[in-house]
Amino acid sequence: MKLKVLVCIKQVPDTNNVKIDKETGTLIRKGIKSILNPEDKNALEEALRLKDEIGDVFITVLSMGPNQASVVVKEAIAMGADRGILLSDRNFAGSDTWATSAILSSAINKIKEEDGLDLIFCGRQAIDGDTAQVGPQIAQHLKLPVISYVEELKYSENKVLVKRAIEDGHYIVECPTPVLLTAVKQLNTPRYPNMKRIFETFGENPERPIETWTAEDISLAKENMGLNGSPTRVKKIFTPSRKFEGEFLQGNLKEVARQLIVRLKERQII
Amino acid sequence: MDLSLTEQEKMVQSVVREFAEKEVGPIAAEIDKTERFPTETLKKMQKLGLYGLPYPKEYGGAGGSDLSYYLAIEELSKKCATTSVILAAPASLCAWPIMKYGNEDQKEKYFRAIVEGKRVGGFALTEPGAGTDSAMQQTTATLEGDHYVINGSKCFITGAGQFEFFVVMAMTDKTQRTRGISAFIVEANTPGFSVGKIEDKLGIRASATGELIFEDMKVPKECLLGKEGEGFKIAMQTLDGGRIGIAAQALGIAEGAMEESVKYIQERVQFGKPIGSFQGIQWYIAEMETKINAARGLMYDVIYKKQKGIPFSKEASMAKLFSSEMAMWVTDKAIQLHGGYGFTKDYPVERMHRDAKITEIYEGTSEVQKMVIASHTIVPKNK
């Protein structure tokens, strides 16, 4: 039986080169290249790896964003995904992670109803927001189990065996499908988009077109999308300033320890 | 001339750039030093689909533009010129003449194999006594019943000992000079085929350049590419397209040296300032950048003509001539900007300078390019 896999992806600014506007505290996006979020690439690669391994796998990629985000959906198809959907609508603008996951979940439900779904992959987090919330929130909306920080994955008949990274070790988790997994970069090395598929996917009238869905295509009330559907309120964005310089204590170990005790006593810490 | 990149070409450029940075650049110094043919990179390039980039989909190609292919050569060359040779020799010099002159069986067997990234082939024209004067072929092919017997040797052949088959030029009729040359597709495992000396070279050291020796090598009649006597024409047309590849390669080498230089002059501090803040250094950079852009202009001009089906032989020679000499100049200045460090193998610019030299020599020396350009420019007046 065909394994149905969905991968959520996001277009992000290449924050390796990003600068912060000191006055507004926001990212300067001008002139910064947009890329497919690195850990979303790992998520997609894992789906493609399963396809290489099992063969009978159908991979849908789903993204939400403005029209120009279609580039990453096409890139995913050029890497080997079978179907690409971009959710793009003015009503989606300004969505926080909760509204975003609500919109994505609504689209995923539609895909699931049409064709069924066994596995949903997300990247651990996007390099622009760094929240790591959207993946687990989707699972919450869809009432699915979630396994985050996936470092290794084995799939066998209706279940996954996962090595899940934690700060000082690993969990080995077994879970029946359907399940949502979030990928970390240790999971795999993503492949490059294939030249032939680039020409089939990009350009005018491509052989492998992507689909664009609007708010009309999903069954989610407008008040749950965009700014209206976003409970998060950003009060202030600021660059933390360094309040004081550290102090280096010098001398032999005994001398330094003695000085440290004096300093700590001065500050009434001990 | 509008050569703004299409969405597809931009994507090809960005993917090959990333590939070059991650897969090619990191081993460039090692394969240069040890002269190791990078089989793993060849396989990765095949998987990526680079060998089929400008070729029709019906043979398994990507159906991409010529420009997309030359962009790929340029991007690879920024990090490692050797690697771009390993792409260009099969993809351009071997695949193109088979596509253009091969019969359906040859196209299915050899052209498709290269395009789909399953096999790699080379091109064998040069001989010890037939370099620039490539019509002086000493290799002979004699028809005996249902096969040809080939005798002779070829030198400076890219992929010797590595590639699996070659398009080989040989004399079938010595009395006809250039019109007596024919082209053959020869499997490297044919009895009588052997690999001679592998050259120890100044640059592009990992590309396996060497001698091919044919001793009473029997090849089936079906190995003839095109018709008897068409070999010289096939070779010259193949080189026309190949020359654009060399122009792209030289451009890439120069751009790579430029990137290294711009980085270095901003980091290197002398007299309390980064050396890039001195006008004397900035002038070098300005001149290098201008020459690079001029070479890019010539390259785009010839690609535009090729894509439009306009004759481009003269323009290909101009682009190759200018771009290769520019690359020598730019890489020389890149070493100068790096000072003593540039003279060491701790920085890539000395390798780039060594690699640049071959672009003035192969697929026609600078002098040959001038002959071609002059012959198209000095048109005899009608009597």
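Predicted model only: the values in this text are computed from it and were never measured.

So, the confidence of the model for chain B
Taken as a whole, chain B shows an average pLDDT of 95; of its residues, 99% reach a score of 70 or greater. Across chain B, helix H9 (residues 349-359) of chain B holds the top mean pLDDT of 98, while strand S9 (residues 269-270) of chain B sits lowest at 94.

Considering the packing of helix H4 (residues 81-101) of chain B against helix H6 (residues 231-267) of chain B
All names here are of chain B. Here H4 crosses H6 at 155°, and the two axes come no closer than 10 Å. By the criterion of interaxial angle, the relationship of H4 to H6 is roughly antiparallel. Taken as a pair, H4 and H6 cross one another with a handedness that is right-handed. Residues Ala81, Ser84, Val85, Ser92, Leu93, Trp96, Pro97, Lys100 and Tyr101 of H4 form the contact with H6, whose own contacting residues are Lys233, Ile234, Gln237, Thr238, Leu239, Gly241, Gly242, Gln249 and Ile253. In terms of residue class, the contact of H4 with H6 is made up of nine nonpolar, seven polar and two charged.

Side note on the environment of Asp66 of chain B
Residue and element names in this part refer to chain B. Among the structural elements, Asp66 can be located in helix H3 (residues 66-79). Residues Asp66 and Gln307, spaced 241 residues apart in sequence, show a C-alpha to C-alpha distance of 6.8 Å. If sequence neighbours within four positions are ignored, Asp66 has contacts with Pro54, Ile303, Lys306 and Gln307. Of note is the side chain of Asp66, whose polar atom sits 3.4 Å from the side chain of Lys306.

Structural notes on helix H2 (residues 70-79) of chain A
Residues and elements named next belong to chain A. Counting buried positions along H2 gives nine out of 10 residues, so the element sits mostly inside the fold. Those residues of H2 not exposed but buried are Ser70, Val72, Val73, Lys74, Glu75, Ala76, Ile77, Ala78 and Met79. Once H2 finishes, Gly80 follows within two positions and takes phi at roughly 140°, a positive value.

Some details on the pairing of strand S1 (residues 3-9) of chain A
All names here are of chain A. Burial within S1 is extensive, with seven of its seven residues counted as buried. Residues Leu3, Val5, Val7 and Ile9 of S1 are buried on one face, and the alternating residues Lys4, Leu6 and Cys8, pointing to the opposite face, are buried as well. Pairing geometry for S1 and strand S6 (residues 57-64), over seven bridges, is parallel. When the sheet's bridge partners are listed, Val7 is paired in S6 with Val61. Pairing between S1 and strand S8 (residues 119-123): three bridges, direction parallel. Note on S8: the bridge partner recorded for Val5 is Leu119.

What about the pattern of salt bridges?
The tally for this structure, following the rule as stated, stands at 49 salt bridges over all chains. Taken together, the shared-partner salt bridges in this structure form one network comprising Asp32, Glu35, Asp200, Arg205, Lys345, Glu350 and Arg354 of chain B.

Focus: the nonpolar core
Met195 of chain A together with Leu50, Tyr51, Leu76, Leu87, Ile98 and Phe184 of chain B are the most contacted members of the largest nonpolar core, which has 124 residues in total. Membership of the second largest hydrophobic core comes to 34 residues, among which are Leu44, Met79, Phe121 and Ala183 of chain A.

Considering the side chain of Glu260 of chain B
All names here are of chain B. Within the fold, Glu260 resides in helix H6. By relative accessible area, which is 14% here, Glu260 ends up buried. Setting aside chain neighbours within four positions, we find Glu260 in contact with His338, Pro348, Val349 and Met352.

A closer look at the interface of chain B and chain A
The interface is formed by 24 residues belonging to chain B together with 15 residues belonging to chain A. Around 1,700 Å² of area is buried between chain B and chain A when both sides are counted, 64% of it from carbon and sulfur atoms. Sorting the residues of chain B by area buried against chain A places Glu7, Gln8 and Met11 of chain B first, and these three jointly supply 35% of that buried surface. The interface formed by chain B and chain A holds four salt bridges in total. Taking the shortest distance from any N to any O, the salt bridge between Glu18 of chain B and Lys41 of chain A comes out at 3.8 Å. Counting across the interface, chain B meets chain A through nine residue pairs in polar contact (both at pLDDT 80 or more). Breaking the side of chain B that touches chain A down by element, the ones donating at least two residues are helix H1 (7-34) and helix H2 (39-48) of chain B. Residue contributions to the side of chain B that touches chain A peak at 11 residues, all from H1 of chain B. Here the residues of the side of chain B that touches chain A are counted per class, giving nine nonpolar, nine polar and six charged.

A closer look at unusual backbone geometry
Residue and element names in this part refer to chain A. The amide bond that connects Thr177 to the next residue, Pro178, takes the cis arrangement and shows omega of 0°. Mapped onto the elements of the fold, Pro178 is located in the loop between strand S11 (169-176) and strand S12 (179-183). A positive phi is found at Lys143, a non-glycine position, where the angle reads about 55°. Here Lys143 is to be found in the loop between helix H4 (134-142) and strand S9 (146-156). Of note in the backbone geometry, Gln268 takes a positive phi value of approximately 55° without being a glycine.

Concerning the environment of Leu260 of chain A
Along the chain, the position of Leu260 of chain A falls in helix H6 (residues 253-266). Given a relative accessible area of 42%, Leu260 of chain A falls into the partly exposed group.

Points about the domain arrangement of chain B
All names here are of chain B. Each domain of chain B was delimited in the assignment, giving domain 1 (7-120), domain 2 (122-230) and domain 3 (233-377). Put simply, the middle of domain 1 and the middle of domain 2, counted by C-alpha atoms, are 23 Å apart. Residue-level contacts link 26 residues of domain 1 with 24 residues of domain 2. A buried area of about 2,200 Å², summed over both sides, lies between domain 1 and domain 2, and 64% of it is on carbon and sulfur atoms. Between domain 1 and domain 2 we count four salt bridges in total. The salt bridge partner of Glu35 is Arg205, with a shortest N-O separation of 3.6 Å. On inspection of domain 1 and its partner domain 2, the count reaches eight residue pairs in polar contact (both at pLDDT 80 or more). Top element by residues in the side of domain 1 that touches domain 2 is H4. It accounts for 11 residues. By residue class, the composition of the side of domain 1 that touches domain 2 is 16 nonpolar, three polar and seven charged.

Topic: the packing of helix H3 (residues 97-115) of chain A against H4 of chain A
Residues and elements named next belong to chain A. At a minimum axis distance of 8 Å, the contact between H3 and H4 shows a crossing angle of 55°. The orientation of H3 with respect to H4, classified from their angle, is oblique. For the element pair H3 and H4, the recorded crossing hand is right-handed. Contacts between H3 and H4 involve Thr97, Trp98, Thr100, Ser101, Ala102, Leu104, Ser105, Ile108 and Asn109 on the former and, on the latter, Val134, Gln137, Ile138, His141 and Leu142. Looking at the contact of H3 with H4, its residues break down into seven nonpolar, seven polar and no charged.

Scoring rules and cut-offs
- Residue positions are given per chain, counted from 1 along the sequence in the order it is written.
- Here chains are named by letter from A upward and ligands by number from 1 upward, in the order in which they appear as written.
- For a predicted model such as this one, the threshold for reporting local features is a pLDDT of at least 70, and the threshold for listing and counting side-chain atom pairs is 80 or more; totals across whole chains, interfaces and linings nevertheless cover every residue.
- Side-chain descriptors were evaluated using all non-hydrogen atoms of the structure, hydrogens and water having been removed beforehand.
- The predictor's confidence in any single residue is recorded as pLDDT, a number from 0 to 100.
- Every helix listed is a DSSP run of H or I at least four residues long, and every strand listed is a run of E at least two residues long, numbered separately from the N terminus.
- Fitting a line to C-alpha atoms yields each axis, with helices limited to the stretch in contact; the angle taken between N-to-C directions then spans 0 to 180 degrees.
- The scheme is simple: roughly parallel for angles under 35 degrees, roughly antiparallel for over 145, roughly perpendicular for 65 to 115, oblique for anything else.
- Put simply, a crossing is left-handed when the front helix is turned counterclockwise from the back one by less than a right angle, and right-handed when it is turned clockwise.
- The contact criterion used is simple: two residues touch if any of their non-hydrogen atoms lie within 4.5 Å.
- Here the nonpolar group is Ala, Val, Leu, Ile, Met, Phe, Trp, Tyr, Cys and Pro; Asp, Glu, Lys and Arg are the charged ones; every other residue, Gly included, is treated as polar.
- By the criterion applied in these results, polar contacts are pairs of N or O atoms within 3.5 Å in which, for protein atoms, one can donate a hydrogen and the other can accept it, and in which residues neighboring in sequence qualify only through two side-chain atoms.
- The rule is simple: take the accessible area with a 1.4 Å probe, protein chains only, and divide by the maximum for that residue type; under 20% is buried, over 50% is exposed, in between is partly exposed.
- Strand pairing requires that DSSP identify at least two bridges connecting the strands.
- Here, a salt bridge means any Lys or Arg side-chain nitrogen found within 4 Å of an Asp or Glu carboxyl oxygen.
- By convention a nonpolar core is built from buried Ala, Val, Leu, Ile, Met, Phe, Trp, Tyr and Cys residues, the set being connected through side-chain atoms within 4.5 Å.
- Here's the idea: put two parts together, see how much 1.4 Å probe accessible area each one loses, and the total over both is what we call buried area.
- These domain boundaries are the output of an automatic or database domain assignment.

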